[in-house]
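Given next are the chains, with one letter for each unit.
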Amino acid sequence: MTTIRNIYCVGRNFGLHAAELGNEVPDKPMIFMKPTHALVPMNGQPIELPAGRGEVHYETEFVIRIGRDYRPGMQVDELVDAMALGIDFTLRDVQSELKKKGHPWLLAKGFLGSAPITEFRPFPGEDEVLQTEFVLRKNGAEAQRGNLNDLIFNLQVIIDYIAANFGLGAGDIIFTGTPAGVAAVKHGDRLELLWGSEKFGEFTVKMEG
Ligand code: ZN
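Residues numbered from 1 in each chain as written. Predicted model: local features only at pLDDT ≥ 70, side-chain atom pairs only at ≥ 80, totals over all residues. Heavy atoms only, no water.

(A) How the structure looks around the pairing of strand S1 (residues 7–11). Of all 5 residues making up S1, 5 are buried, and the element is well covered by its neighbours. Strand direction decides the pairing type here: S1 and strand S13 (residues 173–175), joined by 3 bridges, are parallel. The partner of Ile7 across the bridge, within S13, is Ile173. Strand direction decides the pairing type here: S1 and strand S2 (residues 30–34), joined by 5 bridges, are antiparallel. By the bridge assignment, Ile7 is partnered in S2 with Lys34. (Buried < 20%, exposed > 50% of the residue type's maximum accessible area, 1.4 Å probe, protein only. Helix = DSSP H or I, 4+ residues; strand = E, 2+ residues; numbered from the N terminus. Pairing = 2+ DSSP bridges.)

See the structure below:
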């Protein structure tokens, strides 16, 4: 497996999600990062999340992996070699406090286990991924549905922006933003991530002191 290097994430990249949290839509991509220690594979084991630190929200996201070092002018289909689905777990109450103070989001977004991810699959090309929607089911009921046509900043814009400001190379991955429908999880919740009708991954939430 390719070693994952940097984990970039895009905030507020779906208009309806920005609105549900009362946030303005940004005029440039809003980028933050998670430590690689946040990653956890969906391999059948329950995934442990922090208990006693307020609400933990799921944010289901389409994830791309960069397969080669970026050079200006490179297109999405040349750069992206694999795709996955992931959850950008967020300590929402902690994040609200951090925002009030104007502090970085790391405590709310970068905790251990905050980035469960499915296995990577070959990237079929941008045209192809625009034809399929991703879905989160919670305890059997649909909780989120995302269509990449609704991204405020599309994959090319995100890639160019990240590369220009922070650098982008082989092994970097990007969580591209969550659609509307985020909410808190609780101990025992079963989360399933689907690409179209194909199940990419699933796990049970473990949350106890
Ligand atoms: Zn997110």
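(B) Representation of the coordination of the zinc ion. Within the first shell, the zinc ion binds the protein through Glu59 (OE), Glu61 (OE) and Asp88 (OD), at distances of 2.0 to 2.1 Å. A relative accessible area of 1% means that Asp88 is categorised as buried. (Donors = N, O, S within 2.8 Å, 3.2 Å for Na, K, Ca; no water.)

(C) Structural view of the sheet that holds strand S14 (residues 190–195). Within the open sheet, the 5 strands sit side by side as S4-S15-S14-S11-S12. Their pairing is mixed. Sheet topology places strand S4 (47–48) and strand S12 (141–147) at the edges, where each strand pairs with a single neighbour.

(D) Just the packing of aromatic side chains, in detail. Counted by the stated rule, this structure contains 5 aromatic pairs. When the ring of Phe89 is compared with that of Phe203, the centres are 6.2 Å apart and the planes differ by 80°; the resulting orientation is edge-to-face. With a gap of 114 residues between them, Phe89 in the loop between strand S7 (80–87) and strand S8 (90–91) and Phe203 in strand S15 (residues 198–206) connect regions that are remote in the sequence. Since its relative accessible area comes to 0%, Phe203 is described here as buried. Within the aromatic cluster, the residues linked to one another by ring pairs are Phe62, Trp195 and Phe200. A cation over a ring is seen here: Arg65 above Phe120, with NZ or CZ 5.2 Å from the ring centre. (Phe/Tyr/Trp six-rings, centres within 6.5 Å; stacked < 30°, edge-to-face > 60°. Lys NZ or Arg CZ within 6 Å of the ring centre and 35° of its normal.)

(E) Quick look at the environment of Tyr8. Looking at where Tyr8 falls in the secondary structure, it is placed in strand S1. On the basis of relative accessibility, which here comes to 3%, the residue Tyr8 falls in the buried class. Sequence separation between Tyr8 and Ile64 is 56 residues; the distance between their C-alpha atoms is 10.0 Å. Excluding anything up to four places from it in sequence, Tyr8 contacts Ile31, Phe32, Met33, Ile162, Phe166, Gly167, Leu168, Asp172, Ile173, Ile174 and Phe175. Reaching out from Tyr8, the side chain makes a polar contact with the backbone oxygen of Gly167 at a distance of 2.9 Å. (Contact = heavy atoms within 4.5 Å. Polar contact = N/O pair within 3.5 Å; in protein donor to acceptor, adjacent residues only side chain to side chain.)

(F) Local environment of the environment of Leu91. With respect to the helices and strands, the residue Leu91 is situated in strand S8. Taking relative accessible area as the criterion, Leu91 reaches 0% and is therefore assigned buried.

(G) Local environment of the pattern of salt bridges. Inspection of the entire model under this criterion finds 16 salt bridges. In this structure, the salt-bridge partner of Asp88 is Lys34, at a minimum N-O distance of 2.8 Å. Taken together, the residues Asp88 in the loop between S7 and S8 and Lys34 in strand S2 connect sequence positions 54 residues apart. Of the two residues, Asp88 and Lys34, both sit in the buried class. Measuring nitrogen to oxygen at the nearest pair gives 3.9 Å for the salt bridge that ties Lys206 to Glu48. Of this pair, Lys206 sits in strand S15 while Glu48 sits in strand S4, and the two are 158 residues apart along the sequence. Exposure remark for Lys206: the relative accessible area of 30% places this residue in the partly exposed category. Each of Lys34, Glu59, Asp88, Arg92 and Lys109 takes part in salt bridges that share partners, so that together they form one network. (Salt bridge = Lys/Arg side-chain N within 4 Å of Asp/Glu carboxyl O.)

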